[in-house]
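Survey of secondary and tertiary structure
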Amino acid sequence: MSIIQIDQLAKSYRVYQKKEGLREALRGLWHREYKEVDAVKKISLRVEPGEFVAFLGPNGAGKTTTLKLLSGVIYPTSGTATVMGYVPWERSLDYRRRFALVMGQKNQLWWDLPAQESFRLHQQIYKIEAAQFQKTLDELTSLLTVRELLGRPVRELSLGERMKMELIAALLHRPEVLFLDEPTIGLDVIAQHNIQQFLKFYQAERGITILLTSHYMKDIAALCQRVVVIAQGQIQYDGSLSGIVDSFSGDKIITLQLAVGQTDAGLERFGQLEKVAMPRVSFRCPRSEVSKSLAEILSNYQIDDIAVEDPPLEETIAKLFTHVSGDNVDSNAGSDAVASKP
Amino acid sequence: MSDSRSQNLSDGFKTRWMILRIALSERLAYRGDFVLGTLMRFLPIITQIFLWWAIFQSINPEDPNAGRLSGYSFQDMVAYYLLTMVGRAFSSMPGLSSSIATKIRDGEIKKFLVQPVDLITFLFWSRVAHKIAYYTISTLPFALVFFLCRSYFTLGWPDPWTMAAFVASLFLSFTLGFYLEACIGLVGFWMLEVSSLLFVYMLFQFFLSGHMFPLDILPEPFLSIVSFLPIKYLAYFPAAVFLGKVHGTQLAIDMGMLLAWTIFFFVMSQVIYRRGLKHYSGYGG
């Protein structure tokens, strides 16, 4: 059975429409206009135990709303979801003791106290046995190399160290499901890498189920076998990361290292030139024509080296996002155009 | 089954004890600021004594000590004021409402929805810790002030029963004050900013709790109105008990009312919290 089951889940917010100007502000005291904003539009999803799934999408796409729904912080407008058989928004204590939510932008530890103190409170509220608590704490602190920082007030820790402590706090009760909302936001490259390495190791070791949202493609590439692209409140893609490139990018990038004395003259007919730094030339070639082009190049040019690669992932994803929102804009513009015709 | 129930009970106590301990050590993280802040609260005593002296001087310029204001002599007035300070040391909740509203606005409240810990229980025991830290520091200065002002207490120490009622009224006024201000803070689920609401409440509390003057000098019908309100229990009532102004049946009735108001605001806080969460979870987050 799937550990997370989401069926036709939808959430719309009522947002107060504040208008410009004092007059409108005064009018707003009596009469308020609200607008329904659909943050999540009837999504359905299954996640199996032990999966590491990434939610990918532009800002405001509905990623965080979905995580909030699954952690029971908000009620859905319609639809159902269960996590380990629990309905999240019933917020049963049993459920709360079996999952954890970490938000990269929110601090859950006691600011003025050493992290150790927050951990002790967690031990108590999550009813963690003393021996198990000590064992888990030892493991986590040595994996994340923060043991000597346990006694230092949280406010004196760097952002990266604090994030590690947040993760420890979230994992002390050995949750079976972990929701991570932008866990590496604002961290430097090294700290990001450390957190990734830790999550990767921990997830493989424990086989827990993790749902992660992140803007950093590196996080996702390093960690997740499965990527769910959400945009405009809907699931646009669900599959492997490399699959995104296959489905949404029709091009390959061919890079040639020309032999001494060769020029790049005529290469532009195989595709759009991307970068020329003699003797290296890169160009973009439609996927279907790669083999034909290569054959022709090899017979006409002297080549030292060849590489055929996918275009950068970021580029494909950016294209996917703009493609989705572009559709919407187009349809609106279309109807406007019709309406304004004389 | 009774085993698991006692297990739950002891777990509950342990959790509260842990919250208390941690909140206490958090308080001590800023001990310098805290000590200074606590001691500064004794300064108004001097201005209050001068103020009442000036008032009694205008009543009886020849001999201010002989003047009477609704039955209060100058000594009684100072003794009353000192006792309301003790009462307020229990019932005042600086920063409680605004911190609840801030938690709601900044989303920190999510922590209490995701983790298996109740917000109000958590706040209550943190507040107990704040108070314990406060008394630890202020007991000595309080004792000193009472010693220096011992001549104002013309009636001497009250009898043990009155003393017991006084102590009970202090603890109940703490609980009442906590749940009352928690209710105000929880309104933050609907209004993002509760500071103006809190300001209105503080204004009423300042005059009608007996903090500024003994409520029984008020003329009718104000006296009757005020005596039906819960806020008189926050300052006036404990002082009045100590001074022997409330006794016998009236004392029993008032203690009962204090208990009833405390339960009322406890229940209210639970109801507002539940409904607030519904509202928050339904619309916001």
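You'll find the structure just up there.
Fair warning: this is a prediction, and the values are worked out from it, not measured in the lab. (Residues numbered from 1 in each chain as written. Chains lettered and ligands numbered in written order. Predicted model: local features only at pLDDT ≥ 70, side-chain atom pairs only at ≥ 80, totals over all residues.)

1. Concerning the overall build of chain B
Along chain B, the regular secondary structure elements total 12 helices and 0 strands. In sequence order, chain B lays out its α and β elements as α-α-α-α-α-α-α-α-α-α-α-α. Here chain B has a C-alpha radius of gyration of 21 Å; the compact-globule value for 285 residues is 19 Å, and the two agree. For chain B, the spread of C-alpha atoms along the three principal axes comes to 70 × 40 × 35 Å. Excluding contacts between residues fewer than 6 apart, the proportion of contacts in chain B whose partners are at least 24 apart in sequence is 79%. (Helix = DSSP H or I, 4+ residues; strand = E, 2+ residues; numbered from the N terminus. Rg over C-alpha atoms; globule rule 2.2 N^0.38 Å. Contact = placed C-beta atoms within 7 Å.)

2. Observations concerning the overall build of chain A
The secondary structure content of chain A amounts to 11 helices and 13 strands. Radius of gyration (C-alpha) of chain A: 25 Å, far over the 20 Å computed for a compact globule of 342 residues. Across the 342 residues of chain A, 35% fall into the buried class. (Buried ≥ 20, exposed ≤ 12 C-beta atoms within 10 Å, placed from the backbone.)

3. Topic: the pairing of strand S9 (residues 234–239) of chain A
Across 5 bridges, strand S8 (residues 226–231) of chain A lies against S9(A) in antiparallel orientation. Bridging from a neighbouring strand, A:Ala231 pairs with A:Gln234 of S9(A). (Pairing = 2+ DSSP bridges.)

4. Considering the packing of helix H4 (residues 74–91) of chain B against helix H8 (residues 160–186) of chain B
All names here are of chain B. One can describe the packing of H4 onto H8 by two numbers: an axis separation of 7 Å at closest approach and a directional angle of 45 degrees. In terms of their interaxial angle, H4 and H8 are classed as oblique. With respect to the hand of their crossing, H4 and H8 are arranged in right-handed fashion. Packed against H4, whose contacting residues are Gly87, Phe90 and Ser91, the element H8 presents Leu170, Ser173, Phe174, Leu176 and Gly177 at the interface. Residue composition of the contact of H4 with H8, grouped by class: 4 nonpolar, 4 polar and no charged. (Axes fitted to C-alpha atoms, helices over the stretch in contact; angles between N-to-C directions. Parallel < 35°, antiparallel > 145°, perpendicular 65-115°, else oblique. Left-handed = near helix turned anticlockwise from the far one by under 90°. Nonpolar A, V, L, I, M, F, W, Y, C, P; charged D, E, K, R; others polar.)

5. Considerations on the nonpolar core
Where a protein is soluble and globular, its nonpolar side chains tend to be buried together. The biggest cluster of nonpolar side chains holds 137 residues, and the ones touching the most others in it are A:Ala54, A:Ile168, A:Leu178, A:Val228 and B:Leu176. Ranked by residue count, the leading element in this core is H8(B), at 12 residues. If sequence neighbours within four positions are ignored, A:Leu178 has contacts with A:Phe99, A:Ala100, A:Ala170, A:Ile208 and A:Ile210. Within the second largest apolar cluster, 7 residues are counted, among which are A:Ile254, A:Leu267, A:Phe270 and A:Val281. (Core = buried A, V, L, I, M, F, W, Y, C linked by C-beta atoms within 7 Å.)

6. Concerning helix H5 (residues 130–143) of chain A
Each turn of an α-helix holds 3.6 residues, which means side chains three or four residues apart point in the same direction. Residues and elements named next belong to chain A. With 14 residues, H5 should reach 20 Å at 1.5 Å per residue; the first-to-last C-alpha distance of 20 Å fits that figure. Here H5 has its buried residues at Leu137, Leu140 and Thr141. Seen from one end, H5 has its buried residues packed into an arc of 95 degrees, which puts them on one side. H5 presents Ala131, Lys135, Asp138 and Ser142 as exposed residues on the side facing more than 90 degrees away from its buried surface. In this fold, the buried residues of H5 make contact with helix H4 (115–125) and helix H6 (159–171). Just downstream of H5, Thr145 is the residue with a positive phi angle, here 50 degrees. (Expected span 1.5 Å × (residues − 1). Arc of directions from axis to C-beta.)

7. A look at the sheet that holds strand S13 (residues 303–309) of chain A
Hydrogen bonding along the main chain pairs the strands of a sheet, whether they run parallel or antiparallel. Residue and element names in this part refer to chain A. In spatial order, the strands read S11-S12-S10-S13; together these 4 strands make up an open sheet with antiparallel pairing. Either end of the sheet is taken by a strand with one partner, and the two such strands are strand S11 (272–277) and S13. For this sheet, the mean inter-axis angle between neighbouring strands, taken without regard to orientation, is 20 degrees. Looking at chain direction, strand S10 (residues 251–258) and strand S12 (residues 280–286) are connected through 7 bridges and run antiparallel. Across the sheet, the residue bridging to Thr255 is Ser282, located in S12.

8. Brief notes about the interface of chain B and chain A
Taken together, the 21 residues of chain B in the interface contact 26 residues of chain A. Only helix H1 (2–29), helix H6 (110–114) and helix H12 (248–283) of chain B provide two or more residues apiece to the side of chain B that touches chain A. Here the side of chain B that touches chain A takes 9 residues from H1(B), the largest share from any one element. In the side of chain B that touches chain A, the residues fall into 9 nonpolar, 7 polar and 5 charged.

9. A few points about the sheet that holds S9(A)
Residue and element names in this part refer to chain A. Strand order in the open sheet formed by 6 strands is S5-S6-S7-S3-S8-S9, with mixed pairing between adjacent strands. Strands at the two margins of the open sheet, each flanked by one partner only, are strand S5 (99–103) and S9. Averaged over all neighbouring strand pairs, the angle between strand axes comes to 15 degrees, with direction disregarded. Bridge count for strand S6 (residues 177–181) against strand S7 (residues 209–213) is 5 bridges, and the pairing is parallel. Looking across to S7, one finds that Leu180 is bridged to Leu212.

10. What to know about the environment of A:Val245
All names here are of chain A. Along the polypeptide, Val245 turns up in helix H9 (residues 241–248). The exposure class assigned to Val245 is buried, which follows from the 21 C-beta atoms found within 10 Å. Along the chain, Val245 and Ile317 lie 72 residues apart, while their C-alpha atoms are 8.1 Å from each other. When residues no more than four places from it in sequence are discounted, the contact partners of Val245 are Asp310, Leu313 and Thr316.

11. With respect to helix H7 (residues 119–148) of chain B
With 30 residues, H7(B) extends 42 Å from end C-alpha to end C-alpha; this agrees with the ideal 44 Å at 1.5 Å per step. Taken as a whole, H7(B) has its buried residues at B:Leu119, B:Leu123, B:Phe124, B:Trp125, B:Arg127, B:Ala129, B:His130 and B:Ala133.

12. Thoughts on unusual backbone geometry
Residue A:Pro279 follows A:Met278 across a cis peptide bond; omega there is 10 degrees. Residue B:Pro221 is bonded to the preceding B:Glu220 through a cis peptide linkage, with omega at 5 degrees. Topologically, B:Pro221 is positioned in the loop between helix H9 (195–208) and helix H10 (222–228). Positive phi outside glycine occurs at A:Arg174, with the angle close to 50 degrees. Relative to the helices and strands, A:Arg174 resides in the loop between H6 and S6. Assessed through the 14 C-beta atoms surrounding it within 10 Å, A:Arg174 is described here as partly exposed. The phi dihedral of B:Ser70 falls on the positive side, at around 50 degrees, and the residue is not glycine. Note on placement: B:Ser70 falls in the loop between helix H3 (44–59) and H4. Note on B:Ser70: 10 C-beta atoms within 10 Å, which makes it exposed.

13. Considerations on the packing of helix H5 (residues 96–106) of chain B against H8(B)
Residue and element names in this part refer to chain B. For the pair H5 and H8, interaxial distance at closest approach is 7 Å and the crossing angle is 35 degrees. Two packed elements cross with a definite hand, and for H5 against H8 that hand is right-handed. Facing H5, whose interface residues are Leu96, Ser97, Ser98, Ile100 and Ala101, H8 presents Glu181, Ala182, Ile184, Gly185 and Leu186. The residue inventory of the contact of H5 with H8, partitioned by class, reads 6 nonpolar, 3 polar and 1 charged.

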